[in-house]
Amino acid sequence: IDNRRTTMKKQKKSWIFLILAIVMVVVIVITIKVFFFPKKAVAKTFTEKEYTIKLTEDFAKEKIEGATYYYESDNAIVMVINEKASELADIGIGEDSTVDDYMQAIIDNNKLPEKTKINKREDYRFISYENGDKKSEKYYFVAVTFRQGDEFWLMNFACRQTDDQKFKDQFFKWADSVKFK
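Computed from a predicted structure; not experimentally measured. (Residues numbered from 1 in each chain as written. Predicted model: local features only at pLDDT ≥ 70, side-chain atom pairs only at ≥ 80, totals over all residues. Heavy atoms only, no water.)

Please set out the overall build of the protein residue by residue, giving values where relevant.
Helices and strands together make up the secondary structure of the protein, namely three helices and 10 strands. Counting across all 181 residues of the protein, residues that qualify as buried make up 31%. Working note: accessible area of the protein is about 12800 Å², and carbon and sulfur atoms make up 54% of it. (Helix = DSSP H or I, 4+ residues; strand = E, 2+ residues; numbered from the N terminus. Buried < 20%, exposed > 50% of the residue type's maximum accessible area, 1.4 Å probe, protein only. Areas by Shrake-Rupley, 256 points an atom, 1.4 Å probe, with all protein chains shown as cover.)

Provide a residue-level description of the pairing of strand β8 (residues 139-148), including the pertinent values.
Across a regular strand the side chains alternate sides, sitting on one face of the sheet and then on the other. Most of β8 is tucked away: seven of the 10 residues are buried. Judged from the seven bridges that link them, strand β7 (residues 125-131) and β8 form a sheet pairing that is antiparallel. Bridging from a neighbouring strand, Glu130 pairs with Tyr140 of β8. Bridging between β8 and strand β9 (residues 151-160) involves 10 bridges; their strand directions are antiparallel. Of the residues in β9, the one forming a bridge with Val144 is Met155. Taking the residues that link successive antiparallel strands as the turn, the β8-β9 hairpin has two residues, and the phi of Gly149 there is positive, at about 60°. (Pairing = 2+ DSSP bridges.)

Give me the sheet that holds β9: which residues, what numbers.
Spatial strand order, β3-β4-β5-β9-β8-β7-β6: seven strands in an open sheet with antiparallel pairing. The open sheet has two edge strands, β3 (60-62) and β6 (119-120), and neither has a second partner. Helix α2 (residues 99-109) rests against β5 (76-84), β7, β8 and β9 of the sheet, and its axis sits at about 10° to β7. (Contact = heavy atoms within 4.5 Å. Axes fitted to C-alpha atoms, helices over the stretch in contact; angles between N-to-C directions.)

Residue-level account of the sheet that holds strand β10 (residues 179-180), with values.
Taken in spatial order, the three strands make up an open sheet running β1-β2-β10, and their pairing is antiparallel. In this open sheet, the two edge strands, each paired with only one partner strand, are β1 (43-47) and β10.

Describe in detail the nonpolar core, supporting the description with residues and values.
One recurring pattern in soluble globular proteins is that nonpolar side chains are buried together. The biggest cluster of nonpolar side chains holds 26 residues, and the ones touching the most others in it are Tyr51, Ile53, Tyr71, Phe157 and Phe171. Looking at this core, the elements that each hand over two or more residues are β2 (51-56), β4 (69-72), β5, β8, β9 and α3 (164-176). A per-element tally of this core places α3 first, with five residues. Residues in contact with Tyr71, not counting those within four places in the same chain, are Phe46, Glu48, Tyr51, Ile53, Leu55, Phe59, Ala60, Lys61, Ala76, Ile77, Val78 and Val80. Counting residues in each nonpolar core, the second largest holds 17 residues, with Leu88, Val99, Leu112 and Leu154 among its members. (Core = buried A, V, L, I, M, F, W, Y, C linked by side-chain atoms within 4.5 Å.)

Please give an account of the pairing of β4 that cites residues and values.
Summarising the sheet, β3 and β4 pair through three bridges and their orientation is antiparallel. Bridged to Glu62 within β4 is Tyr70. Hairpin connection between β3 and β4: a loop of six residues separates the two successive antiparallel strands, and Gly66 in this loop has a positive phi of roughly 90°. Of the pairings in the sheet, the one linking β4 to β5 comprises four bridges and is antiparallel in character. Among the inter-strand pairings, Glu72 is bridged to a residue of β5, identified as Ile77. Where β4 folds back on β5, the antiparallel hairpin that results is connected by three residues.

Geometric values such as these leave the question of function open.
Here's what the structure looks like:
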């Protein structure tokens, strides 16, 4: 009987050890998957009357005063403002103004640093800058402008300044995805 009890205790310990080992392996596998192979964000196309833009599925379209369109996720925003050149005379923009003229007006009217430079991509112009003060959180922006006929389309991509390296390339991928109808 003692031999049998000893054998049963050994088997019980073996089973407990086996279960703990399996749990440990599962935890390690899950940890590796989560930290070394994170889930890739799935693209989501937002379609408006005038254009489409490919963001990610974690974005939602919202309404915000002053924006023609606005998309928001937990970590980034895209604010779209549409303005007719013929209605911007008070800031020195007219129907003959270029995208560069419009971007310079954006820099001047928003009192962005003088070193803010207008850059060119294939289909648009852009500026990048940080905004915020010591009392509030700083944000990183990439402002992209397209011209379609008499209209300027300003698309402001933004995230926390601490996330700028994570989003810098992504902002340009999103901007490159814009297709006007």
